[in-house]
Amino acid sequence: MKRTHISRRDFVVLTGTAVAVAPGLAGAETLTAEAVLRRIRTELGSEWPSTGPDGLKAGDPSTVVKGIATTAMATLDVLKQAVRENTNLVLTYEPTFYSRADGRAPAAPAPGRGPAGLSTDDPVAKAKRDYIEKNRLVIFRLRDHWQSRKENDMVTGLAAALGWSAHRVKSTDTVYELPKATAEATVALIRSKLNLRAGLRAVGDRKATIRRVLLFPGSMTPTIMWQRYTEVDMIVAGEVREWENTHYAADMFAAGEKRALVTTGRVASEEPGMRLCAEWLKSVVKEVPAKWIGVGDPYWRPTA
Amino acid sequence: MTAREVVELIKKNQGIPWNDRSTRDTFKVGNPDAAVKGIATTMMTSFDMLKRANAAGLNMVITHEDTYWNDRDDTNELTDNPLYKLKTDFVLKNDMVVWRDHDHMHAMTPDYTVVGELRSAGIKGGEHTTMRPGILTIPETTLGELAAQVKRSSGARAIRCVGDPKAKVSKVLVGPGYATPRIGPEVDVVIGGEQQEADGGFDNVEYVLDAVSLGMPKGIIMLGHVISEQAGMEDFGNWLRTFIHDVPIQFVPAEEPYW
């Protein structure tokens, strides 16, 4: 069925207004990316402001969706896998084009961090755009709105991946009370369950007895660290700044506190939550399959 | 000689106009008018480092990084924090004083943090570098071999690398601490301390993963923040000795925090 082409700008305007479309209105043959995204928006129910990182990053929203891929970060390898899995709408938690601006005109460069922005002829970005176009992929960033669900899937997903779901203390908080184990053993378990390499780093007392663990996928600020570290035996976060939170955990260790801070890597901590997103989509978009595609731990360490 | 007098001498010798609005380069804790028995230079005022400086009889600490676990050393949220009290009491009880030199060190020529980082990485020719040395050409090697050399030479336990270890590389861009430079078409490898992994000003990790997927030789070597700027604080201490002769000056390293 032929559809009127909807420009990217019109699409943004369209999804920025409160147009509700009943689920299941569109048939499988005509299920466009635009329709899927509108349905996701309606289901998530939260306000959908035009500011913020979420939104269409590449592709034509009138594309008919064959299948949906979810991922923590839409790397080129993830996109290639999405194509192999016969999916063409990719929902990504992190950017696609190497910055929060996601390929848009950059803000002023931060001092000491080198030139900002991405040149229009950058060969890596260009090859990625070409791949997206050639394979008629549609890329949508789904972060704030996925995170706004009261179920807090980024945390419950990470807990499930670690095998800790049954140990949650309160549904309103992200503390888990586990059978006692040493910090070293807990770190080994995290490494093995999340299949991590050099991305995992641990600070603090490796012999500490770990029972209460705070899960914090993504990036953790110093304030949260200061407020919550002594409530638990271990914090497991995605990433922190070394000269802030890591330094705090190291000082706690120097002060004799028997605790540990573990960082898994930001994307690694977000993978299980996006896996849950694919599960959720199966109940919201029944017409096409939804699959999660993993990024894997990007880091390695030389052995020498 | 008081700590304040030491700082005045540094301001006079650093060779750049002093920016009094810097929130970083200020006294952090202790009495600036205390008599200085000895100076410890360090990358970060960790509690462990403070104890070692005190044991060595050095009561003035000149640190490149923060003392109170946030970049601005803002202590408003920390007044009731037991670790804040413990660390502060330790400094006051032992008549110590902490002053930070960060922004001005990076504005100085040479930027000793980068001089030290290049030496730590085993890359020659960085003795007079500024904060941004530009692209350095090293004899062609593989990313895996370069990473192994950097690990041996710097001693970084928790070094993290991204990219194909077999990729042939020779064009290197180095930056200190959190100022890990961005990679691009003209650069094969960036070497830095740490960096936000994604959703930042420029996401090196995703760029390198995509370059690898395209068969382009690109890589990242991240030393950790402490290790990347640590060696330069020894050079900074040596520089202090050229104009401060009355008190002992010693480099007291901050510990690499990771297992």
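In this text, all values refer to a predicted model and were calculated from it rather than measured experimentally. (Residues numbered from 1 in each chain as written. Chains lettered and ligands numbered in written order. Predicted model: local features only at pLDDT ≥ 70, side-chain atom pairs only at ≥ 80, totals over all residues. Heavy atoms only, no water.)

**Q** Which parts of the structure should I look at to understand the sheet that holds strand S10 (residues 290-292) of chain A?
**A** Strands pair in a sheet through their backbones, by hydrogen bonds, and they do so in one of two ways: parallel or antiparallel. Residues and elements named next belong to chain A. Overall, mixed pairing links the five strands, which are arranged S1-S4-S3-S2-S10 in an open sheet. Of all the strands in the sheet, the pair left with one neighbour each is strand S1 (55-58) and S10. The mean inter-strand angle of the sheet, taken between neighbouring strand axes irrespective of direction, is 25°. Inspection of the sheet shows strand S3 (residues 89-92) paired to strand S4 (residues 138-141) by four bridges, in the parallel sense. Note on S4: the bridge partner recorded for leucine 89 is valine 138. The strands touched by helix H2 (residues 33-44) are strand S2 (68-71), S3 and S4; relative to S3, the strand with the most contacts, the crossing angle is about 35°. (Pairing = 2+ DSSP bridges. Helix = DSSP H or I, 4+ residues; strand = E, 2+ residues; numbered from the N terminus. Axes fitted to C-alpha atoms, helices over the stretch in contact; angles between N-to-C directions. Contact = heavy atoms within 4.5 Å.)

**Q** Help me out: how do you make sense of the pairing of strand S7 (residues 209-219) of chain A in this one?
**A** Every regular strand shows the same layout, with side chains that alternate between the two sheet faces. Residue and element names in this part refer to chain A. In the sheet, strand S5 (residues 175-182) pairs with S7 via five bridges, with the strands oriented antiparallel. The residue of S7 that forms the bridge with threonine 182 is threonine 209. For the crossover from S7 across helix H8 (residues 222-228) to strand S8 (residues 234-239), the handedness is right-handed. (Right-handed = clockwise from strand over helix to strand, strands pointing away.)

**Q** Would you take a moment to explain the environment of Ala3(B) for this structure?
**A** All names here are of chain B. As for its placement among the helices and strands, alanine 3 is situated in helix H1 (residues 3-13). By relative accessible area, alanine 3 is classed as buried at 0%. Along the backbone, alanine 3 and alanine 34 are 31 residues apart, and their C-alpha atoms lie at a distance of 6.2 Å. For alanine 3, the contacting residues outside a window of four places in its chain are Phe27, Pro32, Ala34, Val36, Met60 and Val97. (Buried < 20%, exposed > 50% of the residue type's maximum accessible area, 1.4 Å probe, protein only.)

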